[in-house]
Amino acid sequence: MTGAPGAAGDVGGIEALLSDWDGVGVVVRRDGPTGTWIFVVLDDDTLGPPTGGCRMKVYPTPEDGLADGLRLARGMTYKWAAMDFPFGGGKSVLAVPGPLDGDQRRGLLLRFGALLNSLGGRYGTGADLGTSVDDMKTIAEVTPYVIGVHGRDHGPMDPSPFTALGVFSGIQAAVAHRFGSEDLGGRTVLVEGVGAVGDPLARRLARAGVDLLLADVDEERARRVAEATGGAVVRSGGVTATPCDVYAPCAVGATLSSETVSGLECAIVAGAANNQLARPSDADLLHERGILYAPDFVINGGGAMAFTLIYRGEDQLEELESRVSAIGPRLAEIFEEATRTGVTPWRAAHALAERVLARGPQSGRVSSFEDMRSPPPGQLS
Ligand code: NAI
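Residues numbered from 1 in each chain as written. Predicted model: local features only at pLDDT ≥ 70, side-chain atom pairs only at ≥ 80, totals over all residues. Heavy atoms only, no water.

### A few points about the environment of Ala 241
Piece 1. With respect to the helices and strands, Ala 241 occurs in the loop between β8 (232-233) and β9 (246-249).
Piece 2. When the C-alpha positions of Ala 241 and Ser 262 are compared, they lie 9.1 Å apart, and in sequence the two are 21 residues distant.
Piece 3. Setting aside chain neighbours within four positions, we find Ala 241 in contact with Gly 263 and Glu 265. (Helix = DSSP H or I, 4+ residues; strand = E, 2+ residues; numbered from the N terminus. Contact = heavy atoms within 4.5 Å.)

Next up, the structure:
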């Protein structure tokens, strides 16, 4: 390794990032043929094997890739714990030097799969930003520690309808908490981003009698969903200032910031997008304005939950949907605790996750990802 301290590939930068880090471990591998830095971050294994997606991205330096992995893996720890699901926080990052395709991409993915094998099931992965289900199928050629490649019909699985169902149940819980009834009839919900999650969410909301407002940078897409659901299109420029009962961000992150929160005209924010808060303190700003916020890492876990249940062999749609719909009651607990203790739902969700982590797994802990296929009785119930 060469370069000044902190420059690309400098081991001192990596050491600095890890010296105060209190996770389980990080596997660092430099992939010679492609020049990719591979980081497998095992943040926490209290509840079960660290599990989280594989991100492929060009970062300015390898340290930026590791920093992203550390942050995302910690997020997964809280996500699983807040849902009280027997997985730990983990994430992998393939910090590629530039876009990879063809044999180079395939070679990297196969070597990454072999690396997962060497961890013996202490980490399980899935698709994330920059990787596709096809990439996961390539990895799965050499390792069993991949979720989302064998869905209910044994083909690749799309988690989005399950994510949408979880968000739907979360919106019901938020509406019940804020207005005293979970009946969505006549409520106005603004869905921002009608893609893989926003589209099925909008259709579910329409069936529940919601007055829909739909926004998307792709206005043609918004118009199509509006036609199918009887909703109205909102120009994507003025979304956050549009009056509605529920604002459901289902596009990009960081739409809640000190600049936007003051202009919000909604009673509730509840949507699928990851990292909705530009800064954690934006949860306080929402609270001060009396806007109920459903923490993203709880409400958007439906797809991850369904993936892992299917991996475990539970493929009955009714059962899967009932498990994912439990996200609503989970959020109701969080809202009640937040009200009781005078904190924001964001803080209450973190406190709940901390308590679950302090308590540990409900029944015998499974340490290998693959063993989730035959967990101890009650492990996932
Ligand atoms: P997608 O890419 O299928 O759909 C996103 C939609 O948002 C697209 O229609 C796009 O045109 C639109 N969009 C992009 N930027 C926009 C903007 N600035 N304003 C308005 N619309 C915009 O993505 P998907 O899978 O539906 O995910 C949506 C969000 O939910 C993402 O933040 C994702 O990270 C998060 N999420 C998705 C999960 C899933 O199961 N797909 C699971 C958990 C979180």
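### A closer look at the nonpolar core
Piece 1. Counting 104 residues, the largest nonpolar core has Ile 171, Leu 201 and Leu 205 as the members making the most contacts within it.
Piece 2. Among the elements that make up this core, the one with the highest residue count is helix α5 (residues 160-179) (nine residues).
Piece 3. Lining this core are residues from two domains, each supplying at least three of them: domain 1 (1-155 + 352-381) and domain 2 (160-343).
Piece 4. The contacts of Ile 171, once residues within four sequence positions are left out, are Leu 184, Val 189, Leu 201, Leu 205, Val 246, Ala 248, Ala 270 and Ile 299. (Core = buried A, V, L, I, M, F, W, Y, C linked by side-chain atoms within 4.5 Å. Buried < 20%, exposed > 50% of the residue type's maximum accessible area, 1.4 Å probe, protein only. Domains from an automatic or database assignment.)

### Description of the pairing of strand β1 (residues 25-31)
Piece 1. One ladder, built from seven bridges, connects β1 with strand β2 (residues 36-44); its direction is antiparallel. In the sheet register, Val 26 faces β2, and the bridge partner there is Val 41. (Pairing = 2+ DSSP bridges.)

### So, the domain arrangement of the chain
Frequently, the measure chosen for interface size is the accessible area removed from exposure when the parts meet.
Piece 1. Considered domain by domain, the chain is made up of domain 1 (1-155 + 352-381) and domain 2 (160-343).
Piece 2. The straight-line distance from the C-alpha centre of domain 1 to that of domain 2 is 27 Å.
Piece 3. Residue-level contacts link 28 residues of domain 1 with 23 residues of domain 2.
Piece 4. For the pair domain 1 and domain 2, the two sides together bury roughly 2200 Å², of which 63% comes from carbon and sulfur.
Piece 5. There are one salt bridge connecting domain 1 and domain 2.
Piece 6. The partner of Arg 355 in a salt bridge is Glu 337, and the shortest N-O contact between them spans 2.9 Å.
Piece 7. Counting only elements with at least two residues in the side of domain 1 that touches domain 2, the list comes to α2 (62-82) and α14 (345-359). (Buried area = accessible area lost by both parts, 1.4 Å probe. Salt bridge = Lys/Arg side-chain N within 4 Å of Asp/Glu carboxyl O.)

### Examining unusual backbone geometry
Piece 1. Phi is positive for Asp 84, close to 50 degrees, though the residue is something other than glycine.
Piece 2. The phi torsion at Asn 275 lies on the positive side, around 50 degrees, for a residue other than glycine.
Piece 3. Topologically, Asn 275 is positioned in the loop between β10 (268-269) and α9 (282-288).

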